[in-house]
Every structure is written in C-alpha cells, then in structure tokens.
Amino acid sequence: RIVEAYYINPKENLIYAYDYNRKRVLHFKINRIERIRQLDDDWEKEGTHRNAKRPDAFGIVPETLMKLHVRMNVSAYNYLIERFPGTQGYCNPCSTDEDMFDLECEVNSEFLGITNFLIGYHEHIETIFEPYALIEHLNKKVKTISFWPEVWGGCLRTYHYTFETSNETNEI
C-alpha cells in the first residue's frame with residue numbers, strides 16, 4: 001500500500017494519510033503497522049491533505065462536522081475516554097448532577113465512532129441533547145439489529161456462562 005502520511009498523532013495511536021489505492025484520506029492505527037518503507041518520491045496529493053481539518057474527537061477526518069452534546073454517567077465516561085482518548089478534552093462534569101458528565105464537541109456527520117459507543121452503552125447515556133440527526137441515525141441503526149438463536153440439528157442451543165469476581169461467582 002502506498003500512502004502519503006501527513007499527520008501523526010501518537011497520543012491517539014493514529015497516522016493520517018492519503019491512500020493511493022482508495023483515492024482518499026484514511027487513518028491508520030500505528031500499532032497495526034508492521035513495516036514502513038520510505039520512498040524517494042515527492043508528495044503528489046498534497047492538495048488532498050487536510051492539515052487544516054483536524055480529526056474529530058473520535059479520530060475521524062470529517063467532510064462535515066455537527067455539534068454534539070451527550071450526557072452520560074461515570075461508567076460511560078470512563079469507557080469513552082479509554083476507548084476514544086481524543087474525547088477527554090471535551091468531557092466536563094455536569095453542573096447539575098455530580099455523577100454525570102457532558103460530552104460537547106463537533107463530530108463527523110456520519111457519526112462514525114459515536115454510534116457504536118452510544119448503542120453499546122445506551123443504558124449509561126442519560127440524554128442526547130444534539131444533534132437531532134444523531135437520534136434519527138441511532139433509531140435507524142437499532143431497527144437493523146436482530147438476534148436470532150442458534151439452531152443446531154433442530155435443537156435450540158443455549159449457553160451457560162460463569163465469571164468470577166474477587167469474592168463471588170456470578171452466573172449468566
């Protein structure tokens with residue numbers, strides 16, 4: 001793969017580069033790169049580099065941005081800043097509830113990153129204040145989710161899991 005890397009962000013483990021095969025700017029996880037070989041060629045696609053456009057809080061270099069305001073509990077906040085370190089600077093303790101945090105930032109209009117977080121942690125999200133387009137997007141996504149039981153030889157297979165914590169066993 002030949003790319004023109006133009007923005008390196010070690011804190012977020014990302015390199016932003018123009019990909020010649022896909023003919024667009026992509027981001028790459030630094031820890032997934034096995035080998036780099038520098039070519040002697042000059043940049044050809046410098047006009048496509050978006051140095052002026054920083055990635056959003058979720059590491060996406062957006063075409064368009066939308067203002068986001070979400071209120072979440074401490075559990076969601078902890079996961080959010082661990083999974084998406086770029087969001088930490090946009091999270092603040094809620095002024096009316098000490099157990100809540102507000103995430104206020106601009107995000108990509110396709111809602112990449114934030115969608116999986118909100119669906120996966122929906123029980124820990126108190127309110128999505130804006131944008132309304134995100135609420136519509138999530139409602140459409142949720143309608144496409146279905147879980148069907150696995151059937152083996154005409155029999156329904158059930159699963160039994162146990163996990164241990166420091167002082168007790170919990171069964172699912």
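Student: Summarise the sheet that holds strand β5 (residues 91-93); cite the residues concerned and give the values.
Tutor: Strand order in the open sheet formed by four strands is β5-β6-β4-β7, and the pairing between neighbours is antiparallel. Only two strands of the sheet have a single neighbouring strand rather than two, namely β5 and β7 (125-130). Here the strands of the sheet are splayed against their neighbours by 20° on average, with no regard to which way each runs. Across four bridges, strand β4 (residues 65-73) lies against β7 in antiparallel orientation.

Student: Residues and numbers for the state of the cysteines, please.
Tutor: Summed over all chains, the structure comprises zero disulfides. Among the cysteines around Cys 91, which has no disulfide bond, Cys 105 carries the closest sulfur, lying 7.6 Å off. A relative accessible area of 8% means that Cys 91 is categorised as buried.

Student: Could you give an account of the pattern of salt bridges, with specific residues and numbers?
Tutor: Counted under the stated rule, the structure contains five salt bridges. Of the charged contacts in the structure, one is a salt bridge between Asp 19 and Arg 1, with a shortest N-O distance of 3.1 Å. Taken together, the residues span a long stretch of sequence, with Asp 19 in strand β2 (residues 14-19) and Arg 1 in the segment before β1 (3-9) at a distance of 18 residues. Glu 130 is the partner of Lys 67 in a salt bridge, and the nearest nitrogen-oxygen pair spans 3.6 Å. With Lys 67 in strand β4 and Glu 130 in strand β7, this residue pair connects regions lying 63 residues apart in the sequence. The exposure class of Lys 67 is partly exposed, given its relative accessible area of 43%.

Student: Which residues make up the nonpolar core, and what values do they have?
Tutor: Within the largest apolar cluster, 23 residues are counted, with the highest numbers of intra-cluster contacts made by Phe 58, Leu 68, Met 72, Leu 103, Ile 114, Phe 117 and Leu 118. Those elements that provide at least two residues to this core are β4, α1 (74-83), β6 (100-108), α2 (114-120), β7 and α3 (132-143). Other than its neighbours up to four places away in sequence, Ile 114 contacts Phe 58, Leu 68, Leu 103 and Leu 134.

Student: Could you give an account of the side chain of Thr 87, naming the residues involved and the relevant values?
Tutor: Mapping Thr 87 onto the fold places it in the loop between α1 and β5. Classification of Thr 87 as buried rests on a relative accessible area of 0%. In this view, Thr 87 contacts Ala 57, Phe 58, Leu 80, Ile 81 and Leu 103; residues no more than four positions away in its chain are not counted.

Student: Help me get a handle on the packing of aromatic side chains, residues and values and all.
Tutor: As enumerated under the stated definition, the model contains seven aromatic pairs in all. Ring geometry for Tyr 18 and Tyr 20: centres 5.4 Å apart, planes at 90°, overall edge-to-face. Classification of Tyr 18 as buried rests on a relative accessible area of 6%. With a centroid separation of 4.5 Å and an interplanar angle of 15°, the aromatic rings of Tyr 79 and Tyr 121 are classed as stacked. With Tyr 79 in helix α1 and Tyr 121 in the loop between α2 and β7, this pair connects stretches of sequence that are 42 residues apart. A relative accessible area of 21% means that Tyr 121 is categorised as partly exposed. In this arrangement the basic side chain of Arg 83 is found over the ring face of Phe 84, its NZ or CZ atom lying 4.6 Å from the centre.

Quick notes on the rules
Counting restarts for each chain, with residues numbered from 1 along the sequence as it is written. This being a predicted model, a pLDDT of at least 70 is required before a residue's local features are given, and a value of 80 or more before pairs of side-chain atoms are given or counted; all residues contribute to the totals for chains, interfaces and linings. Hydrogens and water molecules were not included; the side-chain quantities draw on all heavy atoms of the structure. Whether two strands pair comes down to DSSP finding at least two bridges between them. By the criteria applied, helices consist of DSSP H or I runs no shorter than four residues and strands consist of E runs no shorter than two, each listed in order from the N terminus. To get an axis, a line is fitted to the C-alpha atoms, and for a helix only the part in contact is used. The angle between two axes follows their N-to-C directions and goes from 0 to 180 degrees. Disulfide: a pair of cysteine sulfur atoms within 2.5 Å of each other. Three labels apply to residues, based on accessible area from a 1.4 Å probe with only protein chains included: buried if under 20% of the type maximum, exposed if over 50%, partly exposed otherwise in between. Salt bridge criterion: a side-chain nitrogen from Lys or Arg within 4 Å of a carboxyl oxygen from Asp or Glu. In this text, buried Ala, Val, Leu, Ile, Met, Phe, Trp, Tyr and Cys residues form a nonpolar core when linked through side-chain atoms within 4.5 Å. In what follows, residue pairs with any heavy atoms lying within 4.5 Å of each other are defined as contacts. In summary, the pairing rule links any two rings of Phe, Tyr or Trp, Trp by its six-membered ring, whose centres are within 6.5 Å, and it sorts them by plane angle into stacked for under 30 degrees, edge-to-face for over 60 and tilted for everything else. Criterion for a charge above a ring: Lys NZ or Arg CZ within 6 Å of the ring centre, and within 35 degrees of the ring normal.

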